[in-house]
Amino acid sequence: DGGITQSPKYLFRKEGQNVTLSCEQNLNHDAMYWYRQDPGQGLRLIYYSQIVNDFQKGDIAEGYSVSREKKESFPLTVTSAQKNPTAFYLCASSVGPNQPQHFGDGTRLSIL
Amino acid sequence: GQQLNQSPQSMFIQEGEDVSMNCTSSSIFNTWLWYKQDPGEGPVLLIALYKAGELTSNGRLTAQFGITRKDSFLNISASIPSDVGIYFCAGPPYNNNDMRFGAGTRLTVKP
């Protein structure tokens, strides 16, 4: 089955620690995205990538970093510079930039 | 950036009732998308609209692309408990590659 897989489902971070969220897709999509969702709010774009080895900052990129070394993979690192990292993180992919996005099941990050 | 205004924010309805929600923007959109998100999961695409005036159904769900291209509507007929969730509208504004999302409509269905 084709789809997007996010792991882990739940993640805990200690103060001052970097953590990496995994996102893998086997849909052969060129574009991939990371969103942050806070309770009762919509989706805010962190980073996106339209092609391998290229990515762009979204609306709230500060404190986050990404890489796109393979078409299938778009990992997100939440760095210690992100002072309020507790949120639900969603990864998505699409055929192209204006096409419908397909989402993974999310990773919930909490602070210990 | 261009904002999507989604209303209502939340709805509490009785099982069997019909539901209407809408999404508006000050910008023209080329595509309107409607997603549903269940608790603790990612949004799932319900309906995609590509043409002004287009009316598309997916089971009990019907969505319309507004004639002005600045709005879209989603209707759910004969609601059932599993319709509970958050419904998001989304789309790329004209001449812009950024996908925008509404803040969502939270639907609660009482049995």
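See the structure shown above.
Every value quoted in this text rests on a predicted model; they were computed, and no experiment measured them.

Participant: So what about a nonpolar patch on the surface? Which residues, and what values?
Facilitator: On the surface, Tyr10(A), Phe12(A) and Leu112(A) cluster together to form a nonpolar patch covering roughly 390 Å² of accessible area. Summarising the element assignment, Tyr10(A) is placed in strand β2 (residues 10-13).

Participant: Can you explain the nonpolar core? Please cite residues and give values.
Facilitator: Within the largest apolar cluster, 21 residues are counted, with the highest numbers of intra-cluster contacts made by Trp34(B), Leu74(B) and Leu107(B). With near-sequence residues (within four places) excluded, Leu74(B) lies in contact with Val19(B), Ser20(B), Met21(B), Trp34(B), Ile47(B), Leu61(B), Thr62(B), Ala63(B) and Tyr87(B). Judged by nonpolar contacts, the second largest core, of 20 residues, contains Ile4(A), Cys23(A), Trp34(A) and Ile46(A).

Participant: How would you summarise the interface of chain A and chain B if you had to cite specific residues and measurements?
Facilitator: On the side of chain B, 21 residues touch chain A, which itself brings 19 residues to the contact. Counting each side, the surface lost to burial between chain A and chain B is near 1,500 Å², with a carbon and sulfur contribution of 52%. The largest contributions to the chain A side of the interface with chain B come from Asn98(A), Pro100(A) and Phe103(A), which together make up 31% of the buried area. Connecting chain A to chain B are one salt bridge. A salt bridge links Asp59(A) to Arg100(B), with the nearest nitrogen and oxygen atoms 3.4 Å apart. Counting every contact that joins chain A to chain B gives four residue pairs in polar contact (both at pLDDT 80 or more).

Participant: So what's going on with the sheet that holds strand β1 (residues 4-7) of chain A? Which residues, and what values?
Facilitator: All names here are of chain A. Pairing within the open sheet is antiparallel, and its four strands lie in the order β1-β3-β8-β7. Whereas interior strands pair on both sides, the edge strands pair on one side only; in this sheet they are β1 and β7 (64-66). Averaged over all pairs of adjacent strands, the angle between their axes in this sheet comes to 20°, without regard to strand direction. Relative to strand β8 (residues 76-78), strand β3 (residues 19-25) runs antiparallel, the two being bridged by three bridges. Each bridged residue has a counterpart across the sheet, and for Thr-20 the counterpart in β8 is Thr-77.

Participant: Got a sec to walk through the environment of Leu45(A)? Specific residues and values, please.
Facilitator: Residues and elements named next belong to chain A. Examined against the element boundaries, Leu-45 turns out to sit in strand β5 (residues 43-51). Among the residues examined, Leu-45 registers a relative accessible area of 12% and is labelled buried. Note: C-alpha distance between Leu-45 and Ile-111 (66 residues apart in sequence) is 21 Å. Every residue in contact with Leu-45, bar those within four places of it in the chain, is listed here: Tyr-33, Trp-34, Tyr-35, Gly-58, Asp-59 and Ile-60.

Participant: Describe the state of the cysteines, with residues and values.
Facilitator: Within the structure shown, the criterion is met by two disulfides over all chains. For Cys23(A), the disulfide goes to Cys91(A), at an S-S distance of 1.9 Å. Judged by the sign of its S-S torsion, about -75°, the bond between Cys23(A) and Cys91(A) is left-handed. In this pair, Cys23(A) is assigned in strand β3 and Cys91(A) in strand β9 (residues 87-94), connecting sequence segments 68 residues apart. An identical accessibility class is assigned to Cys23(A) and Cys91(A); each is buried. The partner cysteine of Cys23(B) in its disulfide is Cys89(B), sulfur to sulfur 1.8 Å. Because the sign of the S-S torsion sets the handedness, a value of about 45° for the bond joining Cys23(B) and Cys89(B) places this disulfide among the right-handed ones. Of this pair, Cys23(B) sits in strand β3 (residues 19-25) while Cys89(B) sits in strand β9 (residues 85-91), and the two are 66 residues apart along the sequence.

Participant: Can you explain the sheet that holds β3(B)? Please cite residues and give values.
Facilitator: Residue and element names in this part refer to chain B. Reading across the sheet, the five strands line up as β1-β3-β8-β7-β6 and stay open at both edges, with antiparallel pairing between neighbours. The sheet terminates laterally at β1 (4-7) and β6 (55-58), the two strands that pair on one side only. Each adjacent strand pair in this sheet contributes to an overall mean axis angle of 15°, direction not counted. For β1 and β3, the ladder comprises four bridges, and the chain directions are antiparallel. Bridging across to β3, Gln-6 finds its partner in Cys-23.

Calculation criteria
Residues numbered from 1 in each chain as written. Chains lettered and ligands numbered in written order. Predicted model: local features only at pLDDT ≥ 70, side-chain atom pairs only at ≥ 80, totals over all residues. Heavy atoms only, no water. Patch = residues over 30% accessible without salt bridge, like charges linked within 9 Å, V, L, I, M, F, W, Y side chains within 5 Å. Areas by Shrake-Rupley, 256 points an atom, 1.4 Å probe, with all protein chains shown as cover. Salt bridge = Lys/Arg side-chain N within 4 Å of Asp/Glu carboxyl O. Helix = DSSP H or I, 4+ residues; strand = E, 2+ residues; numbered from the N terminus. Core = buried A, V, L, I, M, F, W, Y, C linked by side-chain atoms within 4.5 Å. Buried < 20%, exposed > 50% of the residue type's maximum accessible area, 1.4 Å probe, protein only. Contact = heavy atoms within 4.5 Å. Buried area = accessible area lost by both parts, 1.4 Å probe. Polar contact = N/O pair within 3.5 Å; in protein donor to acceptor, adjacent residues only side chain to side chain. Pairing = 2+ DSSP bridges. Axes fitted to C-alpha atoms, helices over the stretch in contact; angles between N-to-C directions. Disulfide = S-S within 2.5 Å.

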